[in-house]
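The primary structure of each chain is shown beneath.
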Amino acid sequence: MEIFGIAASLLGMFAGFGLLIGLLFGFFGMGGSFLVTPALLVMGYETDVAVASGLAFVFGTSVIATLKHRDLGQVDYKLGVLMIAGTTAGIEVGKIGLHWLQHAGLADTVVSVAYVALLGGIGVFITHRAVTGGGGGVSHDADGDDELDADDIPDIAETIQSYHVPPMMTLRGGVTVSLWMILGVAFATGLLSGFLGVGGGFIRMPALFYLIGVPVPVAVGTDLFEIVFSGGLGSFLYAMDGAVNLSIVVPLLAGSALGARLGAAATGLVEEDDIKVYFGVMLLLGAIAVAVRKVGGVFEMPVLDTVSLAIIVGAALLVSGAVVVSSVRELRAETSEPVASASD
């Protein structure tokens, strides 16, 4: 009976964790392996099992979240396919650079510093731009689609869109940009992803908005569409080696099935600047957590792994709570408006 009790507790814990991560994944288009893999490692699972199970979970959750974003009209398939092509090429070149650093004995130090700097740098940039009103207002056209206001396109994206190098592509949100600019941005994000050895969701989503100029909800939905393919391929290859632990993945997916749909739906309710602030805060706290874990590895202090995980889980709870509160607030505001109009 005691064994069954422990098993039931683990299943409940994984399901609850899946709900939390699914909410963040559907809302940001990232956060899956970023949270799951470190948690499984701290719990004592082997590295290949932690990575493989994390990837399998990311794949399943991204499918669920992408379908919800598709229902909301927030997935640009044309942009997604082009990003996949450019990102794949960039990842291969990034891997070459990483292998060169490994032969030179510099890989661990350079990648660790670069990862923390990039994670923190993007977090600071996005949070500062959102708080100071640095671009990104969204309007809705007659069909209800997200569309960027002309005056609120990020400056970098406006510059990239100004290069009229045929063929030109028209994307969701009323964005027109050169095919070569899209492939260039995709290659650059793939290069960083391959070099750092990460999925790259925290790189791609900001790149789609700040460099190409699509609305944030479309950037999230399209990023998730890409993750369906990358996560699917990765989890399939690991599954062939028998590294995917279904007793972990299934309860995680059971929880995330609801969380991912709630998170995806929240992108249509929460103000775009709020989305960027939450995303930036998540990255900043993530950078701190990764830095703590790396310090623990250097000084051989395993307790810092637990501290790092506590920071990550705490950040997830904090940000997901803020997302839920903001969504409820917006729903109340929307439901009170018709009542006020009727009384007038």
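Residues numbered from 1 in each chain as written. Predicted model: local features only at pLDDT ≥ 70, side-chain atom pairs only at ≥ 80, totals over all residues. Heavy atoms only, no water.

> Sorry if this is basic, but what is going on with the packing of aromatic side chains here?
Ring pairs (aromatic) are described by centroid distance and by the angle formed between their planes. Evaluated as defined, the whole model comprises six aromatic pairs. Ring plane angle 75° and centroid distance 4.9 Å describe the contact between Phe27 and Phe28, whose orientation is recorded as edge-to-face. Its relative accessible area of 1% is what places Phe28 among the buried residues. Three or more aromatic residues joined by ring pairs form one cluster here, namely Phe27, Phe28 and Phe279. (Phe/Tyr/Trp six-rings, centres within 6.5 Å; stacked < 30°, edge-to-face > 60°. Buried < 20%, exposed > 50% of the residue type's maximum accessible area, 1.4 Å probe, protein only.)

> Sorry if this is basic, but what is going on with helix H10 (residues 246-266) here?
A turn of α-helix holds 3.6 residues, and therefore any two residues three or four places apart point the same way. The end-to-end C-alpha distance of H10, which contains 21 residues, comes to 29 Å, matching closely the 30 Å that a straight helix rising 1.5 Å per residue would cover. Largest kink in H10: about 35°, centred on Ser256. Turning to H10, its buried residues are Ile248, Val249, Pro251, Leu252, Gly255, Ser256, Gly259, Ala260, Gly263, Ala264 and Ala266. (Helix = DSSP H or I, 4+ residues; strand = E, 2+ residues; numbered from the N terminus. Expected span 1.5 Å × (residues − 1). Bend = angle between axes of the 7 residues up to and from the residue.)

> I keep staring at a nonpolar patch on the surface and nothing clicks. Help me out?
On the surface, a nonpolar cluster with roughly 550 Å² of combined accessible area is contributed by Val295, Val298, Phe299, Met301, Val303 and Val307. Those elements that place two or more of their residues in the nonpolar patch are helix H11 (272-298) and helix H12 (303-343). Relative to the helices and strands, Val295 is located in helix H11. Residue classification places Val295 among the partly exposed residues on the basis of a relative accessible area of 38%. (Patch = residues over 30% accessible without salt bridge, like charges linked within 9 Å, V, L, I, M, F, W, Y side chains within 5 Å. Areas by Shrake-Rupley, 256 points an atom, 1.4 Å probe, with all protein chains shown as cover. Salt bridge = Lys/Arg side-chain N within 4 Å of Asp/Glu carboxyl O.)

> Looking at this structure, I do not really get the pattern of salt bridges. What am I missing?
Evaluation of the coordinates by the stated rule reveals six salt bridges. In this structure, Arg261 and Asp71 form a salt bridge, with 4.0 Å as the shortest nitrogen-oxygen distance. Here Asp71 lies in helix H3 (residues 47-71) and Arg261 lies in helix H10, a separation of 190 residues in the sequence. Overall, the relative accessible area of 47% leaves Asp71 in the partly exposed class.

> Help me understand the environment of Ser256 in this model?
As for its placement among the helices and strands, Ser256 is situated in helix H10. Under the relative-accessibility criterion, Ser256 is labelled buried at 0%. Between the C-alpha atoms of Ser256 and Gly18, which are 238 residues apart in sequence, the distance is 4.5 Å. Apart from the residues within four sequence positions on either side, Ser256 is in contact with Gly18, Leu19, Gly22, Phe57, Thr61 and Ile64. Of note is the side chain of Ser256, whose polar atom sits 3.2 Å from the backbone oxygen of Leu253. (Contact = heavy atoms within 4.5 Å. Polar contact = N/O pair within 3.5 Å; in protein donor to acceptor, adjacent residues only side chain to side chain.)

> Would you take a moment to explain the confidence of the model for the protein chain for this structure?
As a general rule, the predicted coordinates of low-pLDDT regions are not to be interpreted in detail. Of all residues in the protein chain, 87% attain a pLDDT of 70 or more, and the chain-wide mean is 81. Note on residues 138-144: pLDDT under 50 across the span, and 13 contacts to partners over four residues away in sequence or across chains. (pLDDT = per-residue confidence, 0-100.)

> Help me understand the nonpolar core, please; the structure alone is not making it clear to me.
Side chains of a nonpolar character, in soluble globular proteins, are inclined to be buried together. Core analysis: the largest hydrophobic core is formed by 73 residues, its most contacted members being Leu171, Ile182, Ile212 and Val214. Not counting residues up to four positions away in its chain, the partners in contact with Leu171 are Asp76, Lys78, Leu79, Val177, Ile182, Ile212 and Val214. (Core = buried A, V, L, I, M, F, W, Y, C linked by side-chain atoms within 4.5 Å.)

> Honestly, the packing of helix H8 (residues 201-212) against H11 in this entry has me stumped. Any pointers?
The geometry of H8 relative to H11 is characterised by a closest axis approach of 12 Å and an angle of 150° between their N-to-C directions. For the crossing formed where H8 meets H11, the hand is left-handed. Touching Phe202, Met205, Pro206, Phe209 and Tyr210 of H8 are Glu272, Lys276, Phe279 and Leu283, all from H11. (Axes fitted to C-alpha atoms, helices over the stretch in contact; angles between N-to-C directions. Left-handed = near helix turned anticlockwise from the far one by under 90°.)

> Any chance you could explain unusual backbone geometry here in plain terms?
Negative phi characterises most residues that are not glycine, and trans characterises most peptide bonds. The amide bond that connects Pro166 to the next residue, Pro167, takes the cis arrangement and shows omega of 0°. Mapping Pro167 onto the fold places it in the loop between helix H6 (155-161) and strand E3 (168-171). Of note, the phi angle at Glu300 is positive, near 55°, even though the residue is not glycine. Here Glu300 is to be found in the loop between H11 and H12. By relative accessible area, which is 71% here, Glu300 ends up exposed.

> Sorry if this is basic, but what is going on with empty space enclosed by the protein here?
Any empty space left between atoms is shown by rolling a water-sized probe over those atoms. By the definition in use, this model includes one cavity of 30 Å³ or more. Each pocket or cavity is described by its volume, and for the largest cavity that value is around 40 Å³. What lines the largest cavity is simply Ile126, Met205, Pro206, Phe209, Tyr210, Val216, Lys276 and Phe279. Listing elements by their share of the lining of the largest cavity, those giving two or more residues are H8 and H11. At four residues, the largest contribution of residues to the lining of the largest cavity is made by H8. Considering only residue class, the lining of the largest cavity consists of seven nonpolar, no polar and one charged. (1 Å grid on protein atoms, 1.4 Å probe; cavity = no way out; pocket = protein on both sides within 12 Å on 5 of 7 lines; lining within 4 Å. Points joined across faces, edges and corners; volume = space filled by probe spheres on them. Nonpolar A, V, L, I, M, F, W, Y, C, P; charged D, E, K, R; others polar.)

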